[in-house]
Amino acid sequence: MDIKEKIKSIGCGSDFYLIVTNNDKTYSWGLNKIDDLGMPRQLCFQKELCEVTTLSGKTIVKIACGTDHTLALTDKGKVYGWGSNSDGQSNLTSRDCVPYPTMVNNLLLVKKILDIAAMHNRSFIKSNENGLVYMWGHFANVSIKKPFVCEYTNVFDVFNSMTAQSSMSVVHEFTKEECDILNDLEAAFNDRSTSDLTILVEGQSIYVHKRILKMRCTYFRNMFQTDYIENNQSIINHRHYSYVVYESFLKYLYTGKINLSSIDDLLDLLKLADEVCEKHLEMDCIRTIKKTITVSNIACLINLLNEMAEHHKKVTDSISFLFSIVNVFCFLIWKYMKVPPLILISL
């Protein structure tokens, strides 16, 4: 195939191909069975390059192909889609096949689209303004009709979505008053001047507030019952976890954020969350741990899961979820690194 221009982007579907050249021309070839080529359907294999004229005059910076659909991103941050649309992966306003590149509507809330991706019958975009990744299309046997924020940041996350629970969440726009309250709450953490309780961990003080801990955590709500000795104490010693982990746990109760990056600390925080029955913290830990799993630390994760299962005498939802992630990771090691995994866990 004679292509004289420099290729700046290329995409490959199930049996069709697209390229974008440096003179802003988009070409396609292959089988046009479901409007894959962005031109009138011809049920034959196109051996020669065919220009996608609908995109003429637009500067396409990237092409991304799913199984039978394509996304194109312009230098203005506009997204065009065409091809199969059974799950709305090409166009969110209908379920009919899209024969020509058509601007994907309903993306107005996503500011400054920086990147696109496609996989099977799912579509992804990334915002340059907030760094969030949005997806729509087919997920967990459901057609997602509008872009959702998801946590996918790499190929492993996308692959894992085939077997794991949903990682989607709806973006909530806070009012100024809500933002002020959240900022004040965050500022109150470890503030000695307003604190009524000091928790000592490894000789270091963490300044907190009993009322906030009671509101945010069942463990502390039970601890600070009227007839409990801790309710009358102003200083409590904690000896079970490191300062870094316990400080992160307490700060999460104020902010809803995890500020740990070490896999060992994250695993300890997950274990702590499991012990105090903080389900939201458990799931946030799992989401963070998913992004830090490597070949070198997966053994630590397996050991912790076994400890947690032994502690409960049964397999909890979070343990089961992490077991599924470990199995997927072991499978990837075996498939792509040709290294037989030592452990494949089945529940």
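Shown above is the structure to which this text applies.
Scoring rules and cut-offs
- Residues numbered from 1 in each chain as written.
- Predicted model: local features only at pLDDT ≥ 70, side-chain atom pairs only at ≥ 80, totals over all residues.
- Heavy atoms only, no water.
- Helix = DSSP H or I, 4+ residues; strand = E, 2+ residues; numbered from the N terminus.
- Buried < 20%, exposed > 50% of the residue type's maximum accessible area, 1.4 Å probe, protein only.
- Contact = heavy atoms within 4.5 Å.
- Areas by Shrake-Rupley, 256 points an atom, 1.4 Å probe, with all protein chains shown as cover.
- Polar contact = N/O pair within 3.5 Å; in protein donor to acceptor, adjacent residues only side chain to side chain.
- Salt bridge = Lys/Arg side-chain N within 4 Å of Asp/Glu carboxyl O.
- Pairing = 2+ DSSP bridges.
- Axes fitted to C-alpha atoms, helices over the stretch in contact; angles between N-to-C directions.
- Parallel < 35°, antiparallel > 145°, perpendicular 65-115°, else oblique.
- Left-handed = near helix turned anticlockwise from the far one by under 90°.
- Nonpolar A, V, L, I, M, F, W, Y, C, P; charged D, E, K, R; others polar.
- Disulfide = S-S within 2.5 Å.
- Phe/Tyr/Trp six-rings, centres within 6.5 Å; stacked < 30°, edge-to-face > 60°.
- Core = buried A, V, L, I, M, F, W, Y, C linked by side-chain atoms within 4.5 Å.

## Description of the overall build of the protein chain
- Of regular secondary structure, the protein chain possesses nine helices and 15 strands.
- Looking at the protein chain residue by residue over its 347 residues, the buried ones come to 44%.
- The long-range share in the protein chain, meaning contacts at least 24 apart out of those at least 6 apart in sequence, stands at 46%.
- About 18,500 Å² of surface is accessible on the protein chain, with carbon and sulfur atoms providing 53% of the total.

## A short note on the side chain of Ser123
- As for its position among the elements, Ser123 is in strand 10 (residues 122-127).
- A polar atom in the side chain of Ser123 sits 2.9 Å from the side chain of His69.
- Once residues lying within four places of it in the same chain are set aside, the contact partners of Ser123 are His69, Leu71, Gln89, Ala117, Tyr134, Met135 and Trp136.

## Description of the pattern of salt bridges
- Across all of its chains, the model carries seven salt bridges by this definition.
- Here Lys8 makes a salt bridge to Asp24, at a shortest N to O gap of 2.9 Å. Of this pair, Lys8 sits in strand 1 (residues 7-12) while Asp24 sits in the loop between strand 2 (16-21) and strand 3 (26-31); the two residues are 16 residues apart in sequence, bridging distant segments of the chain.
- Judged by its relative accessible area of 37%, Lys8 is partly exposed.
- Ionic pairing is found between Lys62 and Asp115, a salt bridge with its closest N-O pair at 2.8 Å. Of this pair, Lys62 sits in strand 5 (residues 60-65) while Asp115 sits in strand 9 (residues 113-119), placing them 53 residues apart in sequence.
- For Asp115, a relative accessible area of 31% puts it in the partly exposed group.

## A look at the pairing of strand 11 (residues 133-139)
- Most of strand 11 sits out of view: six of its seven residues are buried.
- In this structure, strand 10 lies alongside strand 11, joined through five bridges in antiparallel fashion. Bridge pairing in strand 11 links Arg122 to Gly137.
- With six bridges connecting them, strand 11 and strand 12 (residues 142-150) associate as antiparallel partners.

## Focus: the sheet that holds strand 10
- In space, the four strands of this open sheet follow the order 9-10-11-12, with antiparallel pairing throughout. Bordering the open sheet on either side are strand 9 and strand 12, each of which pairs with just one other strand. Neighbour-to-neighbour, the strand axes of the sheet open up by a mean angle of 15°, direction not taken into account.

## Remarks on the packing of helix 5 (residues 243-255) against helix 6 (residues 263-275)
- At a minimum axis distance of 9 Å, the contact between helix 5 and helix 6 shows a crossing angle of 55°. It follows that helix 5 is oblique to helix 6 by the angle criterion. Crossing of helix 5 over helix 6 shows right-handed handedness. Judged by residue contacts, Val244, Val245, Tyr246, Ser248 and Phe249 of helix 5 engage Asp265, Asp268, Leu269 and Leu272 from helix 6.
- Considering only residue class, the contact of helix 5 with helix 6 consists of six nonpolar, one polar and two charged.

## A look at the state of the cysteines
- Applying the stated criterion across every chain yields a total of zero disulfides.
- Of all cysteine sulfurs in the structure, the one in Cys12 sits closest to Cys65, which takes part in no disulfide; the separation is 7.0 Å.
- Judged by its relative accessible area of 11%, Cys65 falls in the buried class.
- Of the cysteine sulfurs around Cys217, a residue in no disulfide, the closest is that of Cys277, at 9.1 Å.
- Residue Cys217 is classed as buried on the basis of its relative accessible area of 0%.

## Focus on the packing of aromatic side chains
- With the rule as written, the count across this model stands at six aromatic pairs.
- An aromatic cluster is built from Tyr219, Phe220, Phe224, Tyr246 and Phe249, whose rings are joined through pairwise contacts.

## Remarks on the nonpolar core
- Counting 38 residues, the largest nonpolar core has Val208, Leu213, Phe220, Tyr246, Phe249 and Leu250 as its most contacted members.
- Only strand 13 (197-201), strand 14 (204-208), helix 3 (210-216), helix 4 (218-223), helix 5, helix 6 and helix 7 (279-290) provide two or more residues apiece to this core.
- With eight residues, helix 5 is the single largest residue contributor to this core.
- Residues contacting Leu213, with those up to four places away along its chain left out, are Leu197, Val208, Phe220, Phe224, Leu250, Leu253 and Tyr254.

## Side note on the environment of Val149
- Along the chain, Val149 falls in strand 12.
- Along the chain, Val149 and Trp136 lie 13 residues apart, while their C-alpha atoms are 9.2 Å from each other.

## Some thoughts on the environment of Met283
- Structurally, Met283 is set in helix 7.
- Spatially, the C-alpha atoms of Met283 and Ala273 are 9.4 Å apart, while their sequence positions differ by ten residues.

## Focus: the environment of Glu202
- Structurally, the position occupied by Glu202 is in the loop between strand 13 and strand 14.
- According to the relative accessible area criterion, Glu202 is exposed, its value standing at 57%.
- Beyond its immediate sequence surroundings of up to four residues, Glu202 is in contact with Ser242 and Tyr243.
- Within the structure, Glu202 has its side chain in polar contact with the backbone nitrogen of Tyr243 (distance 3.2 Å).

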